Amino acid sequence: MTQMKNVENTIENIVSNGEKLTPVELNGDVGINLAPISKYREALPQCCAVGAKNLVLITFGSTLGFSTILIPELQSKNSEIPTTTEEITWISSLNLFLVPLGCFVSGPISQYLGRKRTMMIANIPFIMAWLTFHYSYNTTMLFIALALTGFTGGLIEAPVMTYVAEVTQPRLRGMLSATSTMSVILGVFTQMLGGSLASWRTVAMINLTYPLVCFIALLMVPESPHWLAGKTGFFLYYLLLNYSNLLKLDAALYICIYT
């Protein structure tokens, strides 16, 4: 009990005074014996956290590539949904028009709700959009789905960029940050591949699995420790609830606080 009180006092000093204690100082103050941690063990949880984040970007990439397989089928003579040339133009660009609007509110929302929670919530509009695509019977429904994907694509900009910077070590940060663009391109590629094998409605239903898997994956990764540190009361409560993890000094949390 005394040791837990020492931990609480130490963390309070770090958060309130902005102190950055070295591992030796922390070990001396709190009495925690730091066991050597291999580089593989340090890198694995960070790669898993970034991988969960990348699933959001794969979902966004799939929305960008979906129009490429949708438009040719809408222009065919036996199209299920009659469209005009002007409507085709809007279908090809509407989602990109709304990305800046999502970016505008992305920062404040991710700062208020947290990076992880914002990314989890963003999966809900993606799910709604894919369902709307699959069951659409006119261009209005297609426009609604495209608007949802565009706005949500902008909404995830702030959390995905800051999350990877706040949960990774400097030596891994550059490499793991580069996977963001790769994930978007991979999402576009899945649409090219799916469009060559199935109809656009079937592809839309397959795309529904991306946000569902992403939501589950995000449930299993931690919130950004930097964001938690800004919420002092909740940060202390979070650490005390995970006291056993604190003693082990989980790699991502430890590196983000003390470097």
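Sequence order sets the numbering: in each chain, residues are counted from 1 along the sequence as written. Where totals are concerned, whole chains, interfaces and linings use all residues; where local detail is concerned, this predicted model gives features only for residues with pLDDT of at least 70, and gives and counts side-chain atom pairs only at 80 or more. Think of the side-chain values as coming from all heavy atoms in the structure, minus any hydrogens and water.

K.L.:
Where do I start with helix α6 (residues 139-155) in this structure?
P.N.:
Three or four residues apart is the spacing at which side chains of an α-helix point the same way, because the helix has 3.6 residues per turn. The terminal C-alpha atoms of α6, which comprises 17 residues, lie 24 Å apart, in line with the 24 Å expected from a rise of 1.5 Å per residue. For α6, every residue scored as buried is listed here: T139, M141, L142, A145, L146, T149, G150, T152, G153, G154 and L155. For this analysis, a polar contact is any N or O atom pair within 3.5 Å, provided that within protein one partner can donate a hydrogen and the other can accept it, and provided that sequence-adjacent residues contribute only side-chain to side-chain pairs. In DSSP terms, a helix is any run of H or I states spanning at least four residues, a strand is any run of E spanning at least two, and both are numbered starting from the N terminus. Its side-chain oxygen at 3.2 Å from the backbone nitrogen of T140, N138 defines the N-terminal cap of α6. A helix is expected to reach a length of 1.5 Å times the quantity of its residues less one. Each residue is assigned to one of three classes by its accessible area relative to the maximum for its type, calculated with a 1.4 Å probe on protein chains only: buried under 20%, partly exposed between the two thresholds, exposed over 50%.

K.L.:
What exactly am I supposed to notice about the packing of helix α3 (residues 39-75) against helix α4 (residues 85-113) here?
P.N.:
A pair of packed helices is captured by two measures, namely the crossing angle of their axes and the spacing between those axes. Only the stretch in contact is used when fitting a helix axis, every axis being a line fitted to C-alpha atoms; angles between N-to-C directions are given from 0 to 180 degrees. Between α3 and α4, whose axes approach to 9 Å, the crossing angle comes to 165°. Regarding the angle of α3 to α4, the classification is roughly antiparallel. Relative to α4, the crossing made by α3 is right-handed. Mapping the contact onto sequence places F60, T63, L64, S67, L70, I71, L74 and Q75 in α3 and I88, I91, S92, N95, L96 and V99 in α4. All amino acids are sorted into three groups, where Ala, Val, Leu, Ile, Met, Phe, Trp, Tyr, Cys and Pro are nonpolar, Asp, Glu, Lys and Arg are charged, and the leftover types, Gly among them, are polar. For the contact of α3 with α4, the per-class residue count stands at nine nonpolar, five polar and no charged. Oblique is the label for any angle not under 35 degrees, not over 145, and not in the 65 to 115 range, which are roughly parallel, roughly antiparallel and roughly perpendicular in turn. Whether a crossing is left-handed or right-handed is set by the direction in which the near helix is turned from the far one by less than a right angle, anticlockwise for left-handed and clockwise for right-handed. Any two residues having at least one pair of non-hydrogen atoms within 4.5 Å are treated as being in contact.

K.L.:
Would you take a moment to explain the packing of aromatic side chains for this structure?
P.N.:
Classification of ring pairs uses Phe, Tyr and Trp, with its six-membered ring standing for Trp, and accepts pairs whose centres are within 6.5 Å; under 30 degrees between planes counts as stacked, over 60 as edge-to-face, and the remaining range as tilted. Across all of its chains, the model carries five aromatic pairs by this definition. Relative to F133, the ring of F66 lies with its centre 4.7 Å away and its plane at 55°, an arrangement referred to as tilted. Pair noted here: F66 is in helix α3 and F133 is in helix α5 (residues 115-135), with a separation of 67 residues, a long-range link. Judged by its relative accessible area of 1%, F66 falls in the buried class. Of the residues examined, F133 reaches a relative accessible area of 2% and is grouped as buried. Where W90 meets F97, the ring centres are 5.9 Å apart and the plane angle is 70°; that geometry is what we call edge-to-face. For W90, a relative accessible area of 41% gives the class partly exposed.

K.L.:
So what exactly am I meant to see when it comes to the side chain of E223 here?
P.N.:
Looking at where E223 falls in the secondary structure, it is placed in the loop between α11 (209-219) and α12 (225-230). The charge count includes Lys and Arg as positive and Asp and Glu as negative, but it does not include His or the ends of the chains. What counts as a salt bridge is simple: a side-chain nitrogen of Lys or Arg found within 4 Å of a carboxyl oxygen of Asp or Glu. One buried charge, E223, has no salt-bridge partner; the nearest side chain with opposite charge is R115, at 5.4 Å. Within polar-contact distance, the side chain of E223 engages the backbone nitrogen of R115 at 3.3 Å. At a separation of 3.2 Å, a polar atom in the side chain of E223 contacts the main-chain amide nitrogen of K116. Contacts of E223, omitting those with residues within four sequence positions, involve L113, G114, R115, K116, R117, Y163 and L228.

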